[in-house]
Amino acid sequence: MSITDDDRQYQVVINDEEQYSVWPAETQPPAGWRGVGVTGDRATCLAHVDEVWTDLRPRSLREWLADRH
């Protein structure tokens, strides 16, 4: 199945390290992940992730590096 053949709805999820993913909208995200309020087809959700997740480093690493300066 290609992305264009997928008619399911997805949600954008984030974890405590501020890492993003997409998850089927009809199911609960895995432990440690929570929805951010964005749902739609897979392409829409991935476009949102591309827009907002500009620093791929985990939050703990960003904070650690900021404390060193």
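Going along each chain's sequence as written, the residues are numbered from 1 onward. Two thresholds apply to this predicted model, a pLDDT of at least 70 for residue-level local features and 80 or more for giving and counting side-chain atom pairs, whereas whole-chain, interface and lining totals are computed over all residues. Working from all heavy atoms in the structure, the side-chain values ignore hydrogens and water.

On to the overall build of the protein. Counting from the N terminus, the helices are DSSP H or I runs at least four residues long and the strands are E runs at least two residues long. For the protein, the count of helices and strands is two helices and three strands. Taken from N to C terminus, the helices and strands of the protein fall in the order β-β-β-α-α. Radius of gyration here uses only the C-alpha atoms, and the compact-globule reference equals 2.2 Å multiplied by the residue count raised to the power 0.38. The C-alpha radius of gyration computed for the protein amounts to 14 Å, which surpasses the reference 11 Å derived for 69 residues by more than 25%, pointing to a less compact arrangement than a globule. Each principal axis of the C-alpha distribution contributes one length, and for the protein these read about 50 × 25 × 20 Å. Expressed as a percentage of its 69 residues, the buried residues of the protein come to 22%. Between buried and exposed lies partly exposed: a residue is buried under 20% and exposed over 50% of the maximum accessible area for its type, with that area taken using a 1.4 Å probe on protein chains only.

Right, let's get into the nonpolar core. We define a nonpolar core as any set of buried Ala, Val, Leu, Ile, Met, Phe, Trp, Tyr and Cys residues linked to one another through side-chain atoms lying within 4.5 Å. Formed by Y10, V12, I14, Y20, V22, V38, C45 and V49, the largest nonpolar core amounts to eight residues. Elements with a minimum of two residues in this core: β1 (10–15), β2 (20–24) and α1 (42–52). The biggest single contributor to this core is β1, with three residues. When neighbours within four sequence positions are excluded, V12 is seen to be in contact with Y20, S21, R34, G35, V36, V38, C45, H48 and V49. Pairs of residues are marked as contacts when any of their non-hydrogen atoms sit within 4.5 Å.

Just geometry here; none of it tells us what the structure is for.
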